[in-house]
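Tertiary structure, described
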Amino acid sequence: MFYLPPIDILIQILINGILFGAMYGIAAIGLSLIFGTMQIIFIAQGAMIVLAAYGTFWLFHFFSMDPYLSIIVIFPVSVIFGLGLYQVLFRRVARAGKFPSLLIAFGLMVLLENLMSVLFTPNPRSVRASYTAYGISALGLKISFTRLMAFIMAILATTGVSLFLKKTLIGKAVRAASENLESATLVGITPHRVNSVTFGIGIGLAGLAGIATATTYSFDPYFGFVFSLKAMIALALGGMGSVVGALMGGVLLGVLESYGSFFLTGGWADVISYAAFMLVLMFRPEGLFVRSSDSEKP
Amino acid sequence: MKKKTQIGLLVLVTALFAAVPLILDSEKSYYVYFLFMAFTFIALSQSWNLVAGYTGQISLGLHAFFGLGAYVIAIGWGQEIIGFFDPLGMILSGLIPAILAVVVGIPLLSKLRGDYFALGTLGLGEILRLVFIQGGALTGGSAGLMLPSSSYTSMLPYYFIALFLAVFATVVTYLMVQSSLGWALKAVRDDETAAAANGINILKYKVLAFAVGAFMAGLCGSLQAYYLFHIHPQNFFGLNWTLYPILMCVLGGVGSITGPVIGAIFLTAIFELSKILLPEIHPIFSGLLIVLTVIFLPDGIVRLGWFEKFFKGRKTESPINLKLFTGKEK
């Protein structure tokens, strides 16, 4: 019934999980940024990822554009889309507290899912480039090329966002606003500007995650909801408001799922990740990688 | 006394709806089906209204309790413990979700701020859906459970039970809100710290509202289970059972007794019409409507100027003093 597989298989599963989880990480960083300033969980993040995945798919389908090359289109468009999204939908209600924003995000998710289902049909799609099935073999382990690329993108995105938050003036403003909005406003930081910047980056990251998704998974319009949930789980594991924590939460979730689906059947693996999510929410809502001293946020 | 007119209005509306099957042929008329669905949604909306509108906790897990209630009936019937329209079974289908709400609610509501609660309840729905898919022979797996549909005799009992549920949910919400309990709930919603400072046990009231809401949602689930005879995890744990009631509450007016009723009837009509007229794209509307409603009509129909004017004689002062969504105090 229960047996311990050889060690190289265990390591292989670990690597798969880490590579897999990096994608949850990218999505979770976006959620974390938006949560930091707006105090809402942007539930529509998964739908945005799927939208970007469709973008990658159509660019590949019609213009034979390489999925990784399409970053130069998808990322800027996503950032602009995010900025616009804030200005059109959230700006009016941002001051009224977080519940209207939460409801709008929920409505947006349903709207996008169904819109994509009508426009693009609910059939599953995937990008099949020449290297999709290609794998790198090293030390008796096999590493999927597309997943490795997704992992590298996640590392680069995390580094980029961390640098942006630490080095640039607007990045510092974002950090100040997520620490204490009122004091930040007092020193002249405009909440709307900070919010729209985080939305821009958040949706931009969703664009990157979309490219990673399109190259590794087959996806359909309703795939995003589960992705949103997974990103939230990653965020809960890693701790809200920490960029590196979000990535680590994603990786941890990926490993958990990877081992879960090896030892149990696929369906139960999801139950385990949701159960881990609930347990963390219940008993350690500040996240696993955050010291409890700096977890208290105003 | 204004309270008397309110009760009079409730009795009058209930009597009018109860008389509908006398005029329309309940077995053939589409309107009877429409009202049946509208009543179910009124009960579900009141459930969400109590938790979110009056207690300020945004729950995204209505479908978890709804589906659980349906499965209580389906499994109970399959094991020959619960019969067709078994009152005891229906009460059980409300109690089990309520117990789950207490078990999940205590840790979720004690440590967490609002958005974590929203996430946790959303996760709860997903967990239950997956558990029931994996449940094997007992839950019928991903194909769900089929009940003996030969038990169906007439639409009338469904209609009256749905009407009863709608009135029950409305009256329970009304009584809870009117009592001193209601003041405690609203105090928790408006300022948690101040409520705690005034000696209100915040957790107790939050969990209580959450459990009562779960009880109502479970009852609605059991009625749908009796109506559809096929309890399917994707359908009964579908997100629409959370999305639609939220939409109905927000459109009608969160934190008011009449709001969810108006919102539920109005939106059920819109959804049914769009199902007939625009069968392909009607799900888009529900998403679009929720976005537009929150942006342009966040206080709901019941707080529109003309509406309040029209009902001035019959309405007491606005059910909540501090409008939930405008957040004017900050």
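Residues numbered from 1 in each chain as written. Chains lettered and ligands numbered in written order. Predicted model: local features only at pLDDT ≥ 70, side-chain atom pairs only at ≥ 80, totals over all residues. Heavy atoms only, no water.

1. Details of the overall build of chain B
In terms of helices and strands, chain B carries 14 helices and two strands. Computed over its C-alpha atoms, the radius of gyration of chain B comes to 19 Å, within 12% of the 20 Å expected for a compact globule of 330 residues. Taken along its principal axes, the extent of the C-alpha atoms in chain B is 55 × 50 × 40 Å. Considering chain B as a whole, with its 330 residues, one finds that 58% of them fall into the buried category. For chain B, the share of sequence-separated contacts (at least 6 apart) that also reach a separation of at least 24 residues comes to 80%. Of the accessible surface of chain B, which amounts to about 13600 Å², a share of 69% is contributed by carbon and sulfur atoms. Within chain B, one finds 20 positive and 15 negative side-chain charges whose respective centroids are separated by 11 Å. (Helix = DSSP H or I, 4+ residues; strand = E, 2+ residues; numbered from the N terminus. Rg over C-alpha atoms; globule rule 2.2 N^0.38 Å. Buried < 20%, exposed > 50% of the residue type's maximum accessible area, 1.4 Å probe, protein only. Contact = heavy atoms within 4.5 Å. Areas by Shrake-Rupley, 256 points an atom, 1.4 Å probe, with all protein chains shown as cover. Lys, Arg positive; Asp, Glu negative; His and termini not counted. Charge placed at Lys NZ, Arg CZ, Asp CG, Glu CD.)

2. Comments concerning the pairing of strand β2 (residues 141-144) of chain A
Residue and element names in this part refer to chain A. A one-sided burial pattern is seen for β2, the buried positions being Leu-141 and Ile-143 and the unburied ones Lys-142 and Ser-144. Strand direction decides the pairing type here: strand β1 (residues 135-138) and β2, joined by four bridges, are antiparallel. Across the sheet, Gly-135 pairs through a bridge with Ser-144, a residue of β2. Here β1 folds back onto β2 in antiparallel fashion, the turn holding two residues, of which Leu-139 has a positive phi close to 50 degrees. (Pairing = 2+ DSSP bridges.)

3. Remarks on the interface of chain A and chain B
A common way to report how large an interface is uses the accessible area buried once the components associate. Tallying the contact residues gives 42 residues for chain A and 40 residues for chain B. Summed over both partners, the interface of chain A with chain B buries about 3900 Å², with 80% contributed by carbon and sulfur atoms. The largest contributions to the chain A side of the interface with chain B come from Phe-99, Leu-103 and Phe-106 of chain A, which together make up 16% of the buried area. Along the contact surface separating chain A from chain B lie zero salt bridges. In this structure, the connection of chain A to chain B is made through zero residue pairs in polar contact (both at pLDDT 80 or more). For the side of chain A that touches chain B, the secondary structure elements donating two or more residues are α3 (71-90), α4 (98-120), α9 (223-238) and α11 (266-283) of chain A. Per-element tally for the side of chain A that touches chain B: the top contributor is α4 of chain A, with 15 residues. The residue makeup of the side of chain A that touches chain B, split by class, is 33 nonpolar, five polar and four charged. (Buried area = accessible area lost by both parts, 1.4 Å probe. Salt bridge = Lys/Arg side-chain N within 4 Å of Asp/Glu carboxyl O. Polar contact = N/O pair within 3.5 Å; in protein donor to acceptor, adjacent residues only side chain to side chain. Nonpolar A, V, L, I, M, F, W, Y, C, P; charged D, E, K, R; others polar.)

4. Description of helix α5 (residues 145-167) of chain A
Residues and elements named next belong to chain A. For α5, with 23 residues, the first-to-last C-alpha span of 32 Å sits near the 33 Å given by 1.5 Å per residue. When we look at burial in α5, the residues that qualify are Thr-146, Ala-150, Met-153, Ala-154, Ala-157, Thr-158, Val-161, Ser-162 and Leu-165. Buried residues belonging to α5 abut α1 (7-38), α3, β2, α6 (169-179), α8 (191-216) and α10 (243-263). (Expected span 1.5 Å × (residues − 1).)

5. Concerning the confidence of the model for chain B
Residues and elements named next belong to chain B. On average, residues of chain B carry a pLDDT of 82, and 91% of them reach 70 or more. Low pLDDT, under 50, characterises residues 313-330; the stretch is placed with 40 contacts to residues that sit more than four places away or in other chains. This complex was scored by the predictor with a pTM of 0.82 and an ipTM of 0.75. (pLDDT = per-residue confidence, 0-100.)

6. What about the pattern of salt bridges?
Residue and element names in this part refer to chain B. For the coordinates displayed, the defined rule picks out four salt bridges over all chains. Ionic pairing is found between Arg-189 and Asp-190, a salt bridge with its closest N-O pair at 2.9 Å. The salt bridge partner of Glu-192 is Lys-206, with a shortest N-O separation of 3.3 Å. Of this pair, Glu-192 sits in helix α8 (residues 192-197) while Lys-206 sits in helix α9 (residues 202-228), and the two are 14 residues apart along the sequence.

7. Here we look at the packing of helix α6 (residues 156-178) of chain B against α9 of chain B
Residues and elements named next belong to chain B. At their nearest, the axes of α6 and α9 sit 11 Å apart, and the two run at 175 degrees to each other. When the axes of α6 and α9 are compared, the pair comes out roughly antiparallel. Residues Tyr-158, Ile-161, Ala-162, Leu-165, Phe-168, Ala-169, Val-172, Thr-173 and Met-176 of α6 touch α9, and the partners they reach there are Leu-208, Val-212, Phe-215, Met-216, Leu-219, Cys-220, Leu-223, Tyr-226 and Tyr-227. Residues of the contact of α6 with α9, tallied by class, amount to 17 nonpolar, one polar and no charged. (Axes fitted to C-alpha atoms, helices over the stretch in contact; angles between N-to-C directions. Parallel < 35°, antiparallel > 145°, perpendicular 65-115°, else oblique.)

8. A closer look at the nonpolar core
Of all hydrophobic cores here, the largest spans 203 residues; its most connected members are Phe-42, Phe-90, Met-109, Phe-199 and Leu-205 of chain A. For this core, the element with the highest residue contribution is α9 of chain B, accounting for 16 residues. For Phe-42 of chain A, the contacting residues outside a window of four places in its chain are Leu-31, Ile-34, Met-48, Leu-85, Phe-90, Ala-105, Leu-108, Phe-199 and Ile-203 of chain A. (Core = buried A, V, L, I, M, F, W, Y, C linked by side-chain atoms within 4.5 Å.)

9. Re the confidence of the model for chain A
Across chain A, the average pLDDT comes to 81, with 92% of residues at or above 70. Contacts from residues 292-298 of chain A, a stretch scored under 50 in pLDDT, to residues over four places away or in other chains number nine contacts.

10. Points about unusual backbone geometry
Residues and elements named next belong to chain B. Located in the positive-phi region is Phe-85, a residue other than glycine, with phi close to 50 degrees. Turning to its location among the elements, Phe-85 is positioned in the loop between α3 (62-78) and α4 (87-111). Residue Phe-85 is classed as buried on the basis of its relative accessible area, which comes to 18%. Here the phi dihedral of Phe-229 falls at roughly 65 degrees; this positive angle occurs in a residue that is not glycine. Among the secondary structure elements, Phe-229 is positioned in the loop between α9 and β2 (230-231).

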